[in-house]
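# Overview (structure and organization)
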Amino acid sequence: MTGPKWLATSVGYEIYPRSFYDSDGDGVGDIKGILEKIDYLSYLGVNLLWVGPFYPSPLDDNGYDVSDFKNVDPRLGTLADIKQLIDECHRRDIRILFDYVMNQTSDEHPWFIESRSSLDNKKRDYYIWSKKPNNWGSFFGGSAWNYDAQSGEYYLKIFSNKMPDINWSNPQLRQEMFDIAQFWLDLGVDGFRMDAIAHLGKDMSLTHSRKKSEGGISYDWSKFSNREVLYDYLAELKSKVFDHFDMVSIGEVGGGAKLPDAYKYTKTIDMVFNFDAVWCLNKDGSVNVPQLREVINYWTQGMIKKKQLLPQYWQNHDHPRLMSQYGNPAKPKASGKMLATILLFLYGVPFLYNGEEIGMTNADYQKLEDFRDVSSQNYIQMHQDSLSEADILAHLAKNSRDHGHLPMQWSNKKHAGFSQKTPYLKVNGNYKTVNVESQMADVDSLLNYYRTCIDLRINSQYSDVLTMGDFKLVETDSNEIFGYQRENKDMIITVLANMHDKTVSYQLGDDNLILNNLESHTPGQLDPYQSIVMVRQK
Ligand code: NOJ
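Read on for an overview of the structure. On a predicted model such as this, the values are computed, not experimentally measured, just so you know.

## Some words on the nonpolar core
In terms of nonpolar packing, the biggest core is built from 166 residues, with Tyr13, Phe98, Tyr100 and Phe192 touching the most fellow members. For this core, the element with the most residues is helix α15 (residues 446–459), which contributes eight residues. Leu496, Val504, Ile532 and Met534 belong to the second largest nonpolar core, which has eight residues in total.

## Some words on the site of the ligand
Taken together, Asp61, Tyr64, Gln104, Phe140, Phe159, Met163, Arg193, Asp195, Glu252, His317, Asp318 and Arg401 are the residues near the ligand. At a separation of 2.6 Å, an oxygen atom of the ligand approaches a polar side-chain atom of aspartate 195. Protein contact buries 97% of the 290 Å² of open area that the ligand shows by itself. Along the lines of polarity and charge, the residues of the shell around the ligand split into four nonpolar, two polar and six charged.

## Some remarks on the layout of surface pockets
If a probe as big as a water molecule is rolled over the atoms, it shows which places are left empty. Estimated volume of the largest pocket: approximately 1,100 Å³. Looking at the largest pocket, it is lined by 41 residues, and the ones nearest its centre are Phe139, Phe140, Asp318, Ser375 and Arg401. At the level of elements, β7 (191–195), α11 (374–383) and α12 (389–399) are the ones that each hand at least two residues to the lining of the largest pocket. Counting residues per element, the lining of the largest pocket draws most heavily on α11, which supplies six residues. Residue composition of the lining of the largest pocket, by class: 16 nonpolar, 17 polar and eight charged. Volume-wise, the second largest pocket comes out at about 290 Å³. Lining the second largest pocket we find 18 residues, and of these Leu281, Gly285, Ser324, Gln325 and Lys398 sit closest to its centre.

## Some remarks on the sheet that holds strand β4 (residues 129–130)
Strands sit in the order β4-β6-β5 across an open sheet of three strands; the sheet is antiparallel. Each of the sheet's edge strands pairs with one partner strand only, and the pair in question is β4 and β5 (145–148). Bridging between β5 and strand β6 (residues 153–156) involves four bridges; their strand directions are antiparallel. Directly across from tyrosine 147, in β6, lies its bridge partner tyrosine 154.

## Points about the pairing of strand β8 (residues 248–252)
Across the five residues of β8, five count as buried, placing the element largely inside the fold. Sheet topology note: the β7/β8 ladder contains four bridges and is parallel. Looking across to β8, one finds that glycine 191 is bridged to valine 248. Handedness of the β-α-β unit built from β7, helix α6 (residues 229–240) and β8 comes out right-handed. Bridge count between β8 and strand β9 (residues 271–273): three bridges; the pairing is parallel. Bridging across to β9, glutamate 252 finds its partner in phenylalanine 273.

## With respect to the packing of helix α5 (residues 171–187) against α6
Where α5 contacts α6, the two axes come as close as 10 Å, and the packing angle between them is 45°. On the basis of the axis angle, α5 is oblique to α6. The two elements α5 and α6 cross, and the hand of that crossing is right-handed. Two secondary-structure elements touch here, α5 through Arg174, Gln175, Phe178, Ala181 and Gln182 and α6 through Tyr233, Glu236, Leu237 and Lys240. Its residues assigned to classes, the contact of α5 with α6 comprises four nonpolar, two polar and three charged.

## Re the environment of alanine 334
The residue alanine 334 is located in helix α10 (residues 332–344) in this model. Residue classification places alanine 334 among the buried residues on the basis of a relative accessible area of 16%. Along the primary structure alanine 334 and glutamine 308 are separated by 26 residues, whereas in three dimensions their C-alpha atoms are 32 Å apart. In contact with alanine 334, other than residues within four places in its own chain, are Asn517, Leu518 and Tyr529.

## Remarks on the side chain of serine 19
Inspection of the secondary structure assignment puts serine 19 in the loop between β1 (12–15) and α1 (31–36). A polar atom in the side chain of serine 19 sits 2.5 Å from the backbone oxygen of histidine 405. Leaving out residues up to four positions away in the same chain, serine 19 has contacts with Gly29, His405, Leu406, Pro407, Met408, Phe418 and Tyr424.

## A closer look at the pattern of salt bridges
Tallying each qualifying case throughout the model produces 38 salt bridges. Here the salt bridges share partners, and the residues they tie into one network are Asp39, Glu88, Arg91 and Arg92.

## Focus: unusual backbone geometry
The residue asparagine 226 is not glycine, and still its phi comes out positive at about 50°. Within the fold, asparagine 226 resides in the loop between β7 and α6. At histidine 415, a residue that is not glycine, the phi angle is positive and equals roughly 55°. Turning to its location among the elements, histidine 415 is positioned in the loop between α13 (402–405) and α14 (436–440).

## Structural notes on the sheet that holds strand β10 (residues 311–313)
Taken together, eight strands build an open sheet; the order of strands is β9-β8-β7-β3-β2-β1-β11-β10 and the sheet is parallel. On the outer flanks of this sheet lie β9 and β10, each paired with one strand and no other. Recorded for the sheet is a direction-independent mean angle of 25° between the axes of neighbouring strands. As paired elements, strand β2 (residues 48–51) and strand β3 (residues 95–101) share four bridges and run parallel to each other. Within β3, the position partnered with leucine 48 by the bridge is arginine 95. Along the sheet, helix α3 (residues 79–91) makes contact with β2 and β3, crossing β3 at roughly 140°. Contacts from α5 reach β3 and β7 within the one sheet, and its direction differs from that of β3 by about 160°.

So, how was this worked out
- Residues numbered from 1 in each chain as written.
- Predicted model: local features only at pLDDT ≥ 70, side-chain atom pairs only at ≥ 80, totals over all residues.
- Heavy atoms only, no water.
- Core = buried A, V, L, I, M, F, W, Y, C linked by side-chain atoms within 4.5 Å.
- Buried < 20%, exposed > 50% of the residue type's maximum accessible area, 1.4 Å probe, protein only.
- Helix = DSSP H or I, 4+ residues; strand = E, 2+ residues; numbered from the N terminus.
- Near = heavy atom within 4 Å.
- Polar contact = N/O pair within 3.5 Å; in protein donor to acceptor, adjacent residues only side chain to side chain.
- Areas by Shrake-Rupley, 256 points an atom, 1.4 Å probe, with all protein chains shown as cover.
- Nonpolar A, V, L, I, M, F, W, Y, C, P; charged D, E, K, R; others polar.
- 1 Å grid on protein atoms, 1.4 Å probe; cavity = no way out; pocket = protein on both sides within 12 Å on 5 of 7 lines; lining within 4 Å.
- Points joined across faces, edges and corners; volume = space filled by probe spheres on them.
- Pairing = 2+ DSSP bridges.
- Right-handed = clockwise from strand over helix to strand, strands pointing away.
- Axes fitted to C-alpha atoms, helices over the stretch in contact; angles between N-to-C directions.
- Parallel < 35°, antiparallel > 145°, perpendicular 65-115°, else oblique.
- Left-handed = near helix turned anticlockwise from the far one by under 90°.
- Contact = heavy atoms within 4.5 Å.
- Salt bridge = Lys/Arg side-chain N within 4 Å of Asp/Glu carboxyl O.

As structure tokens, this is what we get:
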């Protein structure tokens, strides 16, 4: 099994720092805010925190555009605060991971300022420059190249214009990046979520893509995704830095990564986040259960076969809210608990995203200007001449990354108890009913159900089978049921979940019920959004 010993019994929780809790009343979440809420994490029961980017940044892309990798954005706190956060997590047996932003810097990073200053600057080659742009497209829409008037050339930027890609083929640049990892590990962090690692290797011939193009742009990710050379970079990072720490490395691999890619990644890093389970929707917007079963099974079996772990998650800061995507905001308790059940008993390391545990939903924004995310703004710009405002709003209501960034809903007080001041991003209107405080007071709440599931997973007589046991899908041709079994030498745990809003039946003998998200259970039947967990001792 790759990764440190503690990894298999971890339950992760991602915090988006600017939206978690504002301790100093400036409308923006901060590190001291996380410290103030740290006992909430223990209460929830998670033991592996992933803290999103808190580095100095012009915030073109929510902090993934970093202008100083070894520091803390003064609006969010200080290095001393971060050190305190690491220590306070450790005091509570919580491990803590930071985002290691590896594919790009901000255009306001000193390296880029130098690089663009002249063609012969010694940092020119820290970035990828070309006299003429090729037809590659960017993830955020439009060309992957931006013209730099200062030096008269184009730089590669596969995300936003303000995020020039760094050139990992340059050994000096690589060493600088390794020093950054070393810096945070020396400070005590337990590892990294490694941002956008799929893109560290580019086709440096910079030739046009021959794949289909639209308006001269080809959205052909293969030119800069999952390319062989990046595994050498990761191997170097491992031998120079990672091997010297008891740490975990989790790479974010998009760009269409599949198991053969994952096997290559996990030679050097511990786990990979894939994206396949995020958008399994039918045309009418309902969850496509067969597809979801298939992708989760594919990844889980694939990693078990190699005795590897994998992170399991529904949604993160780049996605809509789980309750709006796969749940039903009109039936939040039942559907939210059903989703918790499926996720928290899977093989691997489950990760929650802040707010998921109380069923936060997509924002109810009615105005285009409420959407702030760079990809939402790009979408608006690209479509404002061709689509009506209502159509743009309808698209954003489902897809915008702003939903993931919503201020955490702590209570029914002003600004959702997130801040004393109007938050930097508008709070969602439903905070009066959907909030942590009210769910803490209700034993039957979604929040308390999450606590129960986490506890069952890591602190109960079922912990061994739920963390280390084998995994197999319950065979079914149902379009509604997601079912699987976990098995070890002593017992079989069966999880059955109905992901749709109608009553369905199942053909499986009933074992001892240990968890039910509804009040009652009729054997052989699952009510709308019902999920049950059963055990059979061997
Ligand atoms: C993936 C991050 O999750 C996303 O938020 C960001 O925009 C890109 N990487 C670029 O860093």
